[in-house]
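Structural overview for review
Residue strings, one per chain:
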Amino acid sequence: MKNAQSWMQNLLIIFLLVFAQAPYAQQSQNDDKMDWFGEAKLGIFIHWGLYAVDGISESWSFYNEYISHEDYLKQLGGFTAKDYNPKKWAQLIAESGAQYSIITTKHHDGFALWDTQYGMLNAAQHSPAKRDLITPFVQAIRKKGLRVGLYFSLPDWSFEDYTHFTTNKKRYTIEEDPQRWAKYLNYMNGQLAELKTRYAPDIWWFDGDWEHQATEWNSSGIREFLSADQPQVIFNSRLNGKGDYATPEIGVPVYRPKDSFWELCMTINDSWGYQGNDTNYKSPMQVIDIFVDCISKGGNLLLNISPKADGTIPDQQSHLLKELGRWTKKHEAAIYKTQRGIAYEHFYGPTALSNDRKTLFVFVRDYPKDGKIVIKGLSNTIHRAYVVGNGTILEQQKISKVYWNRYPGIDYISIPKSAIDPYYTVVALVLDGPIKLYSENNGAIESN
Ligand code: GLC
């Protein structure tokens, strides 16, 4: 019976992969599939797995030989998920202001959080959690109206037919044994087919592509298969570049990235998975610093949390998400549905534009010495200046504007102390039309 079942499964995978080779007709409609993603701005990443039991680095601890594979797997016994409450997770994630959440279905260690029929390592059969942990998560997140992404590691260092085991031990090379590699792909594609059928995620978040070339993974085939009847699905870039958006990791882009879509994935302390010893938490202020930087540079922030093995989210992390939520709720007009702001030559700090480009949002971190922010070279008339989420109408003053040249002058906007936010105060400048910035000659102004 088992044999007949796995024979059927193999047939299904072969069929799906062959079918997937057909070019997908929806390619041209894919431009607007990124709309929601570009407007979402904030996502919550979740690294949850075996590694939370001992609080050691996810997968890398055995790959880098800090611990033997055997001892690493002993953590299975402690992965209870006994207090796992996906509704509570979803509530907290929604409260943070995130519009989507991405969970590790399987990290490089091969431990699957759903009850996969493939392989020998999953939460339902091989840990005291004894159940599929992904389905209730996906349901709870969708119930909150948020989108769901699945993180999936292409490498699986525990699987007997995978090429790499640890940094010093490789099982084989593809050239040596292509048939063995085909077995691995069959297993990997089987898991992907399961996840696709069960969850139809909004985002596929791949990881670990560096270990093999695109032709070895069949990256194009994977993409085509996973989007065959779901053309709107989005892929991150870690599919040997066959993705829809760039994924800088931890390094906040210093310059505005050229990519149309990008998402900075960022740890909440210094670890992806739960590590009790890592107390280097970012403060809410620091997370908001990073978030504002992403907004003003036209990208998203994917902020990671790391639940414990019992399924609880550490207090410090939930506190941070709640603080973040207080700020995002108040400032939603300046966060979602915005695009990258104006050059620093016009304002010494982060800004964003509404999608119609008629409102300029100015993010003010520190209270200016005289209470005034300074905007240079704005050719529009400012109809109204107010504090977002607070409503205070602000006084304006224009200086250095003469009738005989086109230079628009310098705008000063005064913010009363009473309107200051403990994190960033956001000033909205409602303009007379789409923003026009003075850039004549891009140099000395000599039009007299
Ligand atoms: C890296 C690491 C991994 C982590 C991920 C998150 O590629 O291998 O441990 O899950 O990035 O972006």
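Since the structure is predicted, the reported quantities are computational estimates derived from the model, not experimental observations.

1. Notes on the layout of surface pockets
By volume, the second largest pocket amounts to about 280 Å³. Those elements that place two or more of their residues in the lining of the second largest pocket are strand S12 (359-364) and strand S13 (372-376).

2. Observations regarding the sheet that holds strand S17 (residues 425-431)
A sheet is described by the order of its strands in space; here 5 strands give the open sequence S10-S11-S12-S17-S14, paired in antiparallel fashion. Single-partner strands in this sheet number two, and they are strand S10 (338-340) and strand S14 (382-387). When the angles between neighbouring strand axes are averaged without regard to direction, this sheet yields 25°. As paired strands, S14 and S17 are joined by 5 bridges and run antiparallel to one another. Paired with Arg384 across the strands is Val430, a residue of S17. In the packing of helix H11 (residues 284-296) onto the sheet, the strands contacted are S10, strand S11 (351-354) and S12, and the crossing angle to S10 comes to about 85°.

3. Some thoughts on the domain arrangement of the protein chain
For the protein chain, the assigned domains are domain 1 (2-13 + 32-330) and domain 2 (339-431). The gap between the C-alpha centroids of domain 1 and domain 2 is 39 Å. On the side of domain 2, 19 residues touch domain 1, which itself brings 18 residues to the contact. Carbon and sulfur atoms supply 53% of the area that domain 1 and domain 2 bury against each other, a total of about 1600 Å² over both sides. A salt bridge links Asp289 to Arg365, with the nearest nitrogen and oxygen atoms 2.8 Å apart. Secondary-structure elements contributing two or more residues to the side of domain 1 that touches domain 2 are H11 and helix H12 (315-330). The class makeup of the residues in the side of domain 1 that touches domain 2 is 8 nonpolar, 2 polar and 8 charged.

4. What to know about the environment of Thr166
Along the polypeptide, Thr166 turns up in strand S4 (residues 164-166). As a C-alpha pair, Thr166 and Glu194 span 28 residues in sequence and 27 Å in three-dimensional space. Apart from residues lying up to four places away in sequence, Thr166 is in contact with Phe62, Tyr63 and Glu65.

5. A word on the sheet that holds strand S6 (residues 203-207)
Taken in spatial order, the 7 strands line up as S7-S6-S3-S2-S1-S9-S8 in an open sheet, and their pairing is parallel. Either end of the sheet is taken by a strand with one partner, and the two such strands are strand S7 (234-235) and strand S8 (263-266). With 6 bridges connecting them, strand S2 (residues 100-106) and strand S3 (residues 147-153) associate as parallel partners. When the sheet's bridge partners are listed, Ile102 is paired in S3 with Gly149. Taken strand by strand, helix H8 (residues 178-199) contacts S2, S3 and S6, and its axis lies near 170° from that of S3. The sheet contacts of H11 involve strand S1 (42-46), S8 and strand S9 (300-305), and relative to S9 the element is tilted by about 150°.

6. Some details on the confidence of the model for the protein chain
Looking at the protein chain, the pLDDT average stands at 92 and 91% of residues meet or exceed 70. In this model, residues 11-29 is a region of pLDDT below 50 whose contacts with residues beyond four sequence positions or in other chains number 22 contacts.

7. A closer look at the site of the ligand
Taken together, 14 residues sit near the ligand, with His47, Glu58, His107, His108 and Asp207 positioned nearest. Glu58 is positioned such that a nitrogen or oxygen atom in its side chain is 2.7 Å from an oxygen atom of the ligand. Between the ligand and Asp207 there is a distance of 3.0 Å, counted from an oxygen atom to a side-chain nitrogen or oxygen. Surface burial for the ligand is 95%, taken as the share of its 310 Å² of free accessible area covered by protein chains. In the shell around the ligand, the residues fall into 7 nonpolar, 3 polar and 4 charged.

8. Digging into H12
Across its 16 residues, H12 extends 23 Å between first and last C-alpha, which sits within 8% of the 22 Å expected from 1.5 Å per residue. Among all positions in H12, only Gln317, Ser318, Leu320, Leu321, Glu323, Leu324, Gly325, Trp327 and Thr328 are buried.

9. Remarks on the packing of helix H5 (residues 86-96) against H12
Axis separation between H5 and H12 bottoms out at 7 Å; the angle between their running directions is 40°. One element, H5, and the other, H12, form an angle in the oblique class. Seen from H5, the contacting residues are Leu92, Glu95 and Ser96; seen from H12, they are Ser318, Leu321, Lys322, Leu324, Gly325 and Thr328. Along the lines of polarity and charge, the residues of the contact of H5 with H12 split into 3 nonpolar, 4 polar and 2 charged.

10. Let's talk about the nonpolar core
The nonpolar side chains of a soluble globular protein tend to be buried with one another. In terms of nonpolar packing, the biggest core is built from 98 residues, with Phe79, Phe206, Leu301, Trp327 and Phe363 touching the most fellow members. Ranked by the residues each element gives to this core, the list is headed by H8, at 9 residues. Taken domain by domain, this core gets at least three of its residues from each of domain 1 (2-13 + 32-330) and domain 2 (339-431). Contact partners of Phe206, with chain neighbours within four places excluded, come to Phe152, Leu154, Leu192, Ile222, Leu226, Phe235, Asn236, Arg238 and Leu239.

11. Side note on a nonpolar patch on the surface
Taken together, the side chains of Val402, Tyr403 and Trp404 make up a nonpolar region of the molecular surface, amounting to roughly 400 Å² of accessible area. Its location among the elements puts Trp404 in the loop between strand S15 (395-399) and strand S16 (410-414). Owing to a relative accessible area of 49%, Trp404 belongs among the partly exposed residues under this scheme.

12. Considerations on the pairing of S8
Neither face of S8 is open: one carries Glu263 and Cys265, the other Leu264 and Met266, and all of them are buried. Direction of pairing for S8 relative to S9: parallel, over a ladder of 4 bridges. Directly across from Met266, in S9, lies its bridge partner Leu303. For the segment spanning S8, H11 and S9, crossover handedness is right-handed.

13. Points about the side chain of Thr104
Its place among the elements puts Thr104 in strand S2. Residue classification places Thr104 among the buried residues on the basis of a relative accessible area of 1%. Within polar-contact distance, the side chain of Thr104 engages the backbone nitrogen of Trp48 at 3.0 Å.

The rules behind these values
- Residues numbered from 1 in each chain as written.
- Predicted model: local features only at pLDDT ≥ 70, side-chain atom pairs only at ≥ 80, totals over all residues.
- Heavy atoms only, no water.
- 1 Å grid on protein atoms, 1.4 Å probe; cavity = no way out; pocket = protein on both sides within 12 Å on 5 of 7 lines; lining within 4 Å.
- Points joined across faces, edges and corners; volume = space filled by probe spheres on them.
- Helix = DSSP H or I, 4+ residues; strand = E, 2+ residues; numbered from the N terminus.
- Pairing = 2+ DSSP bridges.
- Axes fitted to C-alpha atoms, helices over the stretch in contact; angles between N-to-C directions.
- Contact = heavy atoms within 4.5 Å.
- Domains from an automatic or database assignment.
- Buried area = accessible area lost by both parts, 1.4 Å probe.
- Salt bridge = Lys/Arg side-chain N within 4 Å of Asp/Glu carboxyl O.
- Nonpolar A, V, L, I, M, F, W, Y, C, P; charged D, E, K, R; others polar.
- pLDDT = per-residue confidence, 0-100.
- Near = heavy atom within 4 Å.
- Polar contact = N/O pair within 3.5 Å; in protein donor to acceptor, adjacent residues only side chain to side chain.
- Areas by Shrake-Rupley, 256 points an atom, 1.4 Å probe, with all protein chains shown as cover.
- Expected span 1.5 Å × (residues − 1).
- Buried < 20%, exposed > 50% of the residue type's maximum accessible area, 1.4 Å probe, protein only.
- Parallel < 35°, antiparallel > 145°, perpendicular 65-115°, else oblique.
- Core = buried A, V, L, I, M, F, W, Y, C linked by side-chain atoms within 4.5 Å.
- Patch = residues over 30% accessible without salt bridge, like charges linked within 9 Å, V, L, I, M, F, W, Y side chains within 5 Å.
- Right-handed = clockwise from strand over helix to strand, strands pointing away.

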